[in-house]
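# What the coordinates show
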Amino acid sequence: MNIVRRRGGGRPTREEAETLTHRLLDSARSTFARKGVANASMEEIAAELKISKHTLYRRYPNRQALLEAVVERDLVRFRKTLADAAGQGDAPLAALRDMAFRYFCFGTDRDYSAFYISVTAEAVFSLPLRERLAAWSSAALEPVVQAIISAQAAGLVVPGSAMEICHVLVDLLEGANNRVRLSGSESPDAAESLRLFESRWAIFQAAMRFEPNRPQEVSLNV
């Protein structure tokens, strides 16, 4: 863990403030993942960072505000990664494939996924958290939905609800993510991870690729 070296007296520099913010959000995400949002205390997070709880409360007035900040930072990173992937390919289907691969890579990171698995499990028993999780998911997947719409416009993906088609893709990728995350090795095997992704992408492409003579019932209209 990086230690912020403060100047003697005075207010912290912008760099010091940003470093502390990242440390706070990293620690909060780790604590939320281990204990769940409901069981994590602001005092515990402050103690782990060796800062006063007043410093933490000045930045985030309550646990919900801290949770929102953790997710917001992840959403910015996630959407940028997807947008960068989409910008690398001219063909709509190739761009969608690249975005799907970036999504898959995010999901195989155990630290990243542990937090969201914990939040999802807790949301089963909390309507407000379910509602926030649904909003976060929609925001995160918006670039993928737009890529699907572009592929549909090019006649490469079956017509229908782009969000529903996105959910089919995500379900396939999450199944592969689980196999990687639950593998016995400490670090996932890159070749096996790629094989899993390619197999799921092949299934998605076979099911969702537009073919003029395909029966209309295949289209997803939700």
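Rules behind the numbers
Residue positions are counted from 1 within each chain, in the order its sequence is given. Reporting in this predicted model follows two pLDDT cut-offs: at least 70 for local features of residues, and 80 or more for side-chain atom pairs to be given and counted; totals over whole chains, interfaces and linings ignore these cut-offs and use all residues. With hydrogens and water excluded, all non-hydrogen atoms of the structure serve as input to the side-chain values. Labels follow the DSSP assignment, with helices taken as runs of H or I lasting at least four residues and strands as runs of E lasting at least two, numbered in each case from the N terminus. Exposure classes here rest on a 1.4 Å probe applied to the protein chains alone. A residue is buried below 20% of its type maximum, exposed above 50%, and partly exposed in between. Residue contacts are defined here by distance: any two heavy atoms, one from each residue, within 4.5 Å place the two residues in contact. You can read pLDDT as the predictor saying how much it trusts each residue, on a scale of 0 to 100. Pairing of aromatic rings covers Phe, Tyr and Trp, the last through its six-membered ring, and needs centres within 6.5 Å; plane angles under 30 degrees mean stacked, over 60 mean edge-to-face, and all others mean tilted. Note on geometry: a ring has a charge over it if NZ (lysine) or CZ (arginine) is within 6 Å of the ring centre and within 35 degrees of the ring normal. Throughout this description, the term salt bridge denotes a Lys or Arg side-chain nitrogen within 4 Å of a carboxyl oxygen of Asp or Glu. Here, nonpolar core means buried Ala, Val, Leu, Ile, Met, Phe, Trp, Tyr and Cys residues that are tied together by side-chain atoms lying within 4.5 Å of each other. The length a helix should cover is 1.5 Å for every residue beyond the first.

### Some points on the environment of Leu82
Mapped onto the elements of the fold, Leu82 is located in helix 4 (residues 63–86). Residue classification places Leu82 among the buried positions, given a relative accessible area of 0%. For the pair Leu82 and Arg102, spaced 20 residues apart in the sequence, the C-alpha separation amounts to 6.4 Å. Aside from chain neighbours lying at most four places away, what touches Leu82 is Met99, Arg102, Tyr103, Ala140, Pro143 and Val144.

### Quick word on the confidence of the model for the chain
Of the residues in the chain, 88% reach a pLDDT of 70 or more, and the chain-wide mean stands at 87. Confidence scores differ between elements of the chain, with helix 6 (residues 110–123) showing the lowest mean pLDDT of 89 and helix 7 (residues 127–153) the highest of 94.

### Points about the packing of aromatic side chains
In this structure the tally under the stated criterion is 10 aromatic pairs. Ring centres of Phe78 and Tyr103 lie 5.7 Å apart, and the angle between their planes is 75°; on these two criteria the pair is classed as edge-to-face. Residue Phe78 is located in helix 4, and its partner Tyr103 is located in helix 5 (residues 92–108); the two are separated by 25 residues in the primary sequence. Tyr103 carries the same exposure label as Phe78, and that label is buried. Following the ring pairs from residue to residue traces out a cluster consisting of Phe32, Phe78, Tyr103, Phe106, Tyr112, Phe115 and Tyr116. Residue placement shows Arg97 over the ring face of Phe101; its charged tip is 5.6 Å from the ring centre.

### Re the pattern of salt bridges
Scanning the entire structure with this criterion turns up 12 salt bridges. Among the ionic pairs, Arg34 bridges to Glu44, the shortest N-O distance being 3.9 Å. On the criterion of sequence distance, the pair formed by Arg34 in helix 1 (residues 14–35) and Glu44 in helix 2 (residues 42–49) is long-range, its members being 10 residues apart. The exposure class assigned to Glu44 is partly exposed, which follows from its relative accessible area of 22%. The salt bridge partner of Glu198 is Arg97, with a shortest N-O separation of 2.3 Å. Separated by 101 residues along the polypeptide, Glu198 in helix 9 (residues 190–208) and Arg97 in helix 5 bring together distant segments of the chain.

### Focus on the nonpolar core
The biggest cluster of nonpolar side chains holds 60 residues, and the ones touching the most others in it are Phe32 and Leu96. Mapped onto this core, the elements with two or more residues apiece are helix 1, helix 2, helix 4, helix 5, helix 6, helix 7, helix 8 (162–181) and helix 9. With 10 residues, helix 7 is the largest single contributor of residues to this core. Once residues within four sequence positions are removed from consideration, Phe32 is found in contact with Val37, Ala40, Arg63, Leu66, Leu67, Val70, Phe115 and Ser118.

### Some remarks on helix 5
One turn of an α-helix holds 3.6 residues; hence residues three or four places apart share an orientation. Taking 1.5 Å of rise per residue, the 17 residues of helix 5 would be expected to cover 24 Å, and the 25 Å separating its terminal C-alpha atoms lies within 8% of that figure. For helix 5, the set of buried residues is Leu93, Ala95, Leu96, Met99, Ala100, Tyr103, Phe104, Phe106, Gly107 and Thr108. Buried residues along helix 5 sit in contact with helix 4, helix 6, helix 7, helix 8 and helix 9.

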